[in-house]
Amino acid sequence: MEQRFHMLLYRAFHAQRSRLRPRLRELGLGPGQPKLLSYLDRRGPCRQKELADYFEVDPAAVSRMLEALQRGGFLTRRTDDQCRRRDLVELTDAGHEAARLWNAACREMEEQMLQGFAPEERERFADYLLRARQNLQTREGDAPWET
């Protein structure tokens, strides 16, 4: 059987998203927001640009997600003591709790997804995904779609 990895990856991603979507609604979160909560929960207060750079997302999109999270009571903004022209975003108690619940749901989903995989297979699978992502990241000046 010829494997079309793009379709296998898409279908795995779609199954993952379908499994997690109900938790998203239960927590009062929108698309893309859980990753910001998880990052802030793990790393602590940071600037919006750091989030945009880390997730390779347009800063305007991050700004919209942060505004919605702030309206939902999940985060606050405060002036950065090192540069008063910049704000730092940080989680509220509700944000930390939502991140905790989201991460628990993700661990459950991962356990189901990797059921029957030996520990070595899990490590190899993670390595394969990391390497595939690295292969797809374009370097400055590369034209990825030219032949």
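Scroll up to find the structure.
Residues numbered from 1 in each chain as written. Predicted model: local features only at pLDDT ≥ 70, side-chain atom pairs only at ≥ 80, totals over all residues. Heavy atoms only, no water.

K.L.:
With reference to specific residues and values, describe a nonpolar patch on the surface.
P.N.:
Taken together, the side chains of Phe 5, Leu 8, Leu 9, Met 113, Phe 117, Phe 125, Tyr 128 and Leu 129 make up a nonpolar region of the molecular surface, amounting to roughly 770 Å² of accessible area. Counting through the fold element by element, Leu 9 comes out in helix 1 (residues 5–27). (Patch = residues over 30% accessible without salt bridge, like charges linked within 9 Å, V, L, I, M, F, W, Y side chains within 5 Å. Areas by Shrake-Rupley, 256 points an atom, 1.4 Å probe, with all protein chains shown as cover. Salt bridge = Lys/Arg side-chain N within 4 Å of Asp/Glu carboxyl O. Helix = DSSP H or I, 4+ residues; strand = E, 2+ residues; numbered from the N terminus.)

K.L.:
Tell me about the pattern of salt bridges, residues and numbers included.
P.N.:
This model, assessed by the stated rule, comprises 8 salt bridges. Here Glu 50 makes a salt bridge to Arg 43, at a shortest N to O gap of 3.8 Å. A salt bridge links Glu 56 to Arg 133, with the nearest nitrogen and oxygen atoms 3.1 Å apart. Linking Glu 56 in the loop between helix 3 (48–55) and helix 4 (59–71) with Arg 133 in helix 6 (residues 119–136), this pair joins segments that are 77 residues apart in sequence.

K.L.:
Before we move on, could you go through the packing of helix 2 (residues 33–43) against helix 5 (residues 93–113) and cite the residues and values that matter?
P.N.:
Helix-helix packing is described using two parameters, namely the angle between the two axes and the distance between the axes. Helix 5 packs onto helix 2 with a crossing angle of 110 degrees between their chain directions and a minimal axis gap of 9 Å. The angle between helix 2 and helix 5 places the two elements in the roughly perpendicular class. Of helix 5, the residues touching helix 2 (which contributes Pro 34, Leu 37, Ser 38 and Asp 41) are Gly 95, His 96, Ala 98, Ala 99, Trp 102 and Asn 103. Residues of the contact of helix 2 with helix 5, tallied by class, amount to 5 nonpolar, 4 polar and 1 charged. (Axes fitted to C-alpha atoms, helices over the stretch in contact; angles between N-to-C directions. Parallel < 35°, antiparallel > 145°, perpendicular 65-115°, else oblique. Contact = heavy atoms within 4.5 Å. Nonpolar A, V, L, I, M, F, W, Y, C, P; charged D, E, K, R; others polar.)

K.L.:
Please give an account of the packing of helix 2 against helix 4 that cites residues and values.
P.N.:
In the contact formed by helix 2 and helix 4, the axes pass within 10 Å of each other and the chain directions differ by 75 degrees. Regarding the angle of helix 2 to helix 4, the classification is roughly perpendicular. Contacts between helix 2 and helix 4 involve Gln 33, Leu 36 and Leu 37 on the former and, on the latter, Met 65, Leu 66, Ala 68 and Leu 69. For the contact of helix 2 with helix 4, the residue count by class is 6 nonpolar, 1 polar and no charged.

K.L.:
Before we move on, could you go through helix 4 and cite the residues and values that matter?
P.N.:
Since there are 3.6 residues in each turn of an α-helix, residues three or four apart along the chain are aligned in direction. When the terminal C-alpha atoms of helix 4 are compared, their 18 Å separation across 13 residues agrees well with the 18 Å that a helix rising 1.5 Å per residue should span. Burial in helix 4 covers these residues: Ala 61, Val 62, Ser 63, Met 65, Leu 66 and Leu 69. Immediately beyond the C-terminal end of helix 4, within one or two residues, lies Gly 73, with a positive phi of roughly 85 degrees. (Expected span 1.5 Å × (residues − 1). Buried < 20%, exposed > 50% of the residue type's maximum accessible area, 1.4 Å probe, protein only.)

K.L.:
Describe the side chain of Ser 63, and please don't skip the residues or the numbers.
P.N.:
Turning to its location among the elements, Ser 63 is positioned in helix 4. Ser 63 sits in the buried class, given a relative accessible area of 17%. Leave out the neighbours within four places in its chain, and Ser 63 touches Gln 48 and Arg 77.

K.L.:
Which residues make up the nonpolar core, and what values go with them?
P.N.:
Of all hydrophobic cores here, the largest spans 25 residues; its most connected members are Leu 29, Leu 37, Leu 40, Leu 51, Leu 66, Leu 69 and Leu 75. Within the residue set of this core, elements represented by two or more residues are helix 1, helix 2, helix 3, helix 4, strand 2 (83–91) and helix 5. Of all the elements, helix 5 adds the most residues to this core, at 6 residues. Non-local contacts of Leu 40, meaning those with residues more than four positions away in its chain, are made with Cys 46, Leu 51, Leu 75, Val 89 and Leu 91. (Core = buried A, V, L, I, M, F, W, Y, C linked by side-chain atoms within 4.5 Å.)

Bear in mind that shape data such as this cannot, by itself, settle questions of function.
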